[in-house]
Amino acid sequence: ADHQLRVGRMVASTLVYLSATHGSTMAVLGCVQDTASHWHSAALRHFVGNLLSVAQAPYSLRFAWATAKLLARQDVLMAVLASTESRTLMLHFCLQCESATRRTGTSEASTQRQEETLAAIGSIRARLKSEAGAGKTREEVTESVPEEPAAATKVDRAAQNTSTEGHPPLAKVASEAKVADTVTE
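Throughout what follows, the structure given in this document is the object of discussion. This is a predicted model, so every value here is computed, not measured. (Residues numbered from 1 in each chain as written. Predicted model: local features only at pLDDT ≥ 70, side-chain atom pairs only at ≥ 80, totals over all residues. Heavy atoms only, no water.)

## Examining the overall build of the chain
Right, so step 1: Check the secondary structure of the chain and you find 10 helices and zero strands.
Right, so step 2: Each helix (α) and strand (β) of the chain, taken in turn from the N terminus, gives the series α-α-α-α-α-α-α-α-α-α.
Right, so step 3: For the chain, the proportion of its 185 residues judged to be buried stands at 46%.
Right, so step 4: For the chain, the accessible area works out to roughly 9,300 Å², and carbon and sulfur atoms hold 53% of it. (Helix = DSSP H or I, 4+ residues; strand = E, 2+ residues; numbered from the N terminus. Buried < 20%, exposed > 50% of the residue type's maximum accessible area, 1.4 Å probe, protein only. Areas by Shrake-Rupley, 256 points an atom, 1.4 Å probe, with all protein chains shown as cover.)

Here it is in structure tokens:
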């Protein structure tokens, strides 16, 4: 069992590495989404913790959508809730996504992703609030999340630069979110 856990953590770390350095963020998130029910909870927690530590806001709509869908899964939520650090990272992710998601795109596909992302985030937030100690304010979350390394933006950049049929380039959506952040500050 100990060997399985070590292998699971190595796989999780490798997937985060592939996501961050090789532009395979969406493929990695899809793989984890499809196989999460077979993962050991500690390996899932390790993957989520590493992914959320590496990714930096503002998130592209596509990255936020895929990550929120994964985090809203019952098995993933249960794994993450076992760690205070992972809960804090997940709450920070939710706070960042809520503000960015409300300001992006107007296409039909973009609107559908926004609605799905906000629904998933709402589900995650409701579960976090029901857990003891998860009802932190935005300031408490910001103070408790460690500084991400400068290279952390690679994960989100990979998601921004990946396009899908019928969807606008996500780099534009991310830059619009950055402009909106600058205007509101």
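## Here we look at the packing of helix 2 (residues 25–35) against helix 4 (residues 61–71)
Right, so step 1: At a minimum axis distance of 10 Å, the contact between helix 2 and helix 4 shows a crossing angle of 15°. Classified by the interaxial angle, the pair formed by helix 2 and helix 4 is roughly parallel. For the pair helix 2 and helix 4, the crossing hand works out as left-handed. Of helix 4, the residues touching helix 2 (which contributes Thr25, Met26, Leu29, Val32 and Gln33) are Arg62, Phe63, Ala66, Thr67, Lys69 and Leu70.
Right, so step 2: Residue classes in the contact of helix 2 with helix 4 are distributed as six nonpolar, three polar and two charged. (Axes fitted to C-alpha atoms, helices over the stretch in contact; angles between N-to-C directions. Parallel < 35°, antiparallel > 145°, perpendicular 65-115°, else oblique. Left-handed = near helix turned anticlockwise from the far one by under 90°. Contact = heavy atoms within 4.5 Å. Nonpolar A, V, L, I, M, F, W, Y, C, P; charged D, E, K, R; others polar.)

## Description of unusual backbone geometry
Right, so step 1: The residue after Ala57, namely Pro58, is reached through a cis peptide bond having omega 0°.
Right, so step 2: Along the chain, Pro58 falls in the loop between helix 3 (41–54) and helix 4.

## As for the nonpolar core
Right, so step 1: Core analysis: the biggest nonpolar cluster contains 42 residues, and Phe47 and Phe93 have the highest contact counts within it.
Right, so step 2: Elements represented by at least two residues in this core include exactly helix 1 (2–22), helix 2, helix 3, helix 4, helix 5 (74–80), helix 6 (84–101) and helix 7 (108–130).
Right, so step 3: Apart from residues no more than four positions distant in its own chain, Phe47 is found in contact with Ala12, Leu15, Val16, Val28, Leu29, Val32, Trp39 and Leu70. (Core = buried A, V, L, I, M, F, W, Y, C linked by side-chain atoms within 4.5 Å.)

## Here's the deal with the packing of helix 4 against helix 6
Right, so step 1: Between helix 4 and helix 6, the least distance of the axes is 11 Å, while the angle of their chain directions is 135°. With respect to each other, helix 4 and helix 6 are oriented oblique. Seen from above, helix 4 lies across helix 6 with left-handed handedness. Listed contacts from helix 6 to Leu61, Phe63, Ala64, Thr67, Ala68 and Leu71 of helix 4 are Met90, Phe93, Cys97 and Thr101.
Right, so step 2: Looking at the contact of helix 4 with helix 6 residue by residue, the classes come out as eight nonpolar, two polar and no charged.

## Concerning the environment of Trp39
Right, so step 1: Assignment of secondary structure puts Trp39 in the loop between helix 2 and helix 3.
Right, so step 2: Sequence separation between Trp39 and Gly8 is 31 residues, and the spatial gap between their C-alpha atoms is 7.4 Å.
Right, so step 3: A polar contact of 2.9 Å, which involves the side chain of Trp39, links it to the side chain of Thr35. (Polar contact = N/O pair within 3.5 Å; in protein donor to acceptor, adjacent residues only side chain to side chain.)

## Overview of the side chain of Ser24
Right, so step 1: Note on placement: Ser24 falls in the loop between helix 1 and helix 2.
Right, so step 2: Here Leu18 takes part through its backbone oxygen, which lies 3.1 Å from a polar atom of the side chain of Ser24.
Right, so step 3: Those residues within four positions of Ser24 in sequence are excluded, and the remaining contacts are Leu18 and Ser19.

## Thoughts on the packing of aromatic side chains
Right, so step 1: As enumerated under the stated definition, the model contains four aromatic pairs in all.
Right, so step 2: Geometrically, the ring pair formed by Tyr59 and Phe63 is tilted, given 5.5 Å between the ring centres and 40° between the ring planes.
Right, so step 3: Here the aromatic rings of Tyr59 and Phe93 are separated by 5.1 Å at their centres, their planes lie at 45°, and the arrangement is tilted. Of this pair, Tyr59 sits in the loop between helix 3 and helix 4 while Phe93 is found in helix 6, placing the two residues 34 residues apart along the sequence.
Right, so step 4: According to the relative accessible area criterion, Phe93 is buried, its value standing at 0%.
Right, so step 5: Here the aromatic residues Tyr59, Phe63 and Phe93 are joined through ring pairs into a cluster of three or more.
Right, so step 6: One Lys or Arg, Arg113, reaches over the ring of Trp65 and ends 4.2 Å from the middle of that ring. (Phe/Tyr/Trp six-rings, centres within 6.5 Å; stacked < 30°, edge-to-face > 60°. Lys NZ or Arg CZ within 6 Å of the ring centre and 35° of its normal.)

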